[in-house]
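A look at the structure
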Amino acid sequence: MHIKDNINIINFLKQVQNCCSEVLFETPEGDRIALKSTLSQYIFCTIASNPELLQSGTIRFEKEEDKMLLSDFLCG
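My aim in this report is to walk through the structure given alongside it, one point at a time. All of these numbers come straight from a predicted model, not from anything done at the bench.

**Describing the sheet that holds strand β3 (residues 32-34)**
- The three strands lie next to each other as β3-β2-β4, forming an open sheet whose pairing is antiparallel. Each edge of the sheet is formed by a strand with only one pairing partner; in this case those strands are β3 and β4 (58-61). Ignoring strand direction, the axes of neighbouring strands in this sheet form an average angle of 30°.
- For strand β2 (residues 23-26) and β3, the ladder comprises three bridges, and the chain directions are antiparallel.

Take a look at the structure:
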């Protein structure tokens, strides 16, 4: 799933912490960033400063129930 335009990144990352399993941001090149990691969150914030790069990535979930927690931030 893709991230919606103009979301509040801080609120998104706070909600990621409420997920029961890992949430990943995957780049078009196949790199995966584990969004529960503090270091990865810094990297993700850098990516988020470039809307084109942010929109080109995909959010992946290990558990389907985590998708529901983040549905306000995701397209489709």
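**Notes on the pattern of salt bridges**
- If you walk through the whole model with that rule in mind, you get three salt bridges.
- A salt bridge links Arg60 to Glu26, with the nearest nitrogen and oxygen atoms 3.4 Å apart. Placement of Arg60 in strand β4 and of Glu26 in strand β2 is noted, with a sequence separation of 34 residues between them.
- Look at Arg60 and you get partly exposed, because its relative accessible area is 36%.

**Side note on the side chain of Glu26**
- A residue is classified by how much of its surface remains accessible, and Glu26, at 15% relative accessible area, is buried.
- A distance of 3.4 Å separates the side chain of Glu26 from the side chain of Arg60, its partner in a polar contact.
- Beyond its immediate sequence surroundings of up to four residues, Glu26 is in contact with Asp31, Arg32, Gly57, Thr58 and Arg60.

Parameters at a glance
Residues numbered from 1 in each chain as written. Predicted model: local features only at pLDDT ≥ 70, side-chain atom pairs only at ≥ 80, totals over all residues. Heavy atoms only, no water. Pairing = 2+ DSSP bridges. Helix = DSSP H or I, 4+ residues; strand = E, 2+ residues; numbered from the N terminus. Axes fitted to C-alpha atoms, helices over the stretch in contact; angles between N-to-C directions. Salt bridge = Lys/Arg side-chain N within 4 Å of Asp/Glu carboxyl O. Buried < 20%, exposed > 50% of the residue type's maximum accessible area, 1.4 Å probe, protein only. Polar contact = N/O pair within 3.5 Å; in protein donor to acceptor, adjacent residues only side chain to side chain. Contact = heavy atoms within 4.5 Å.

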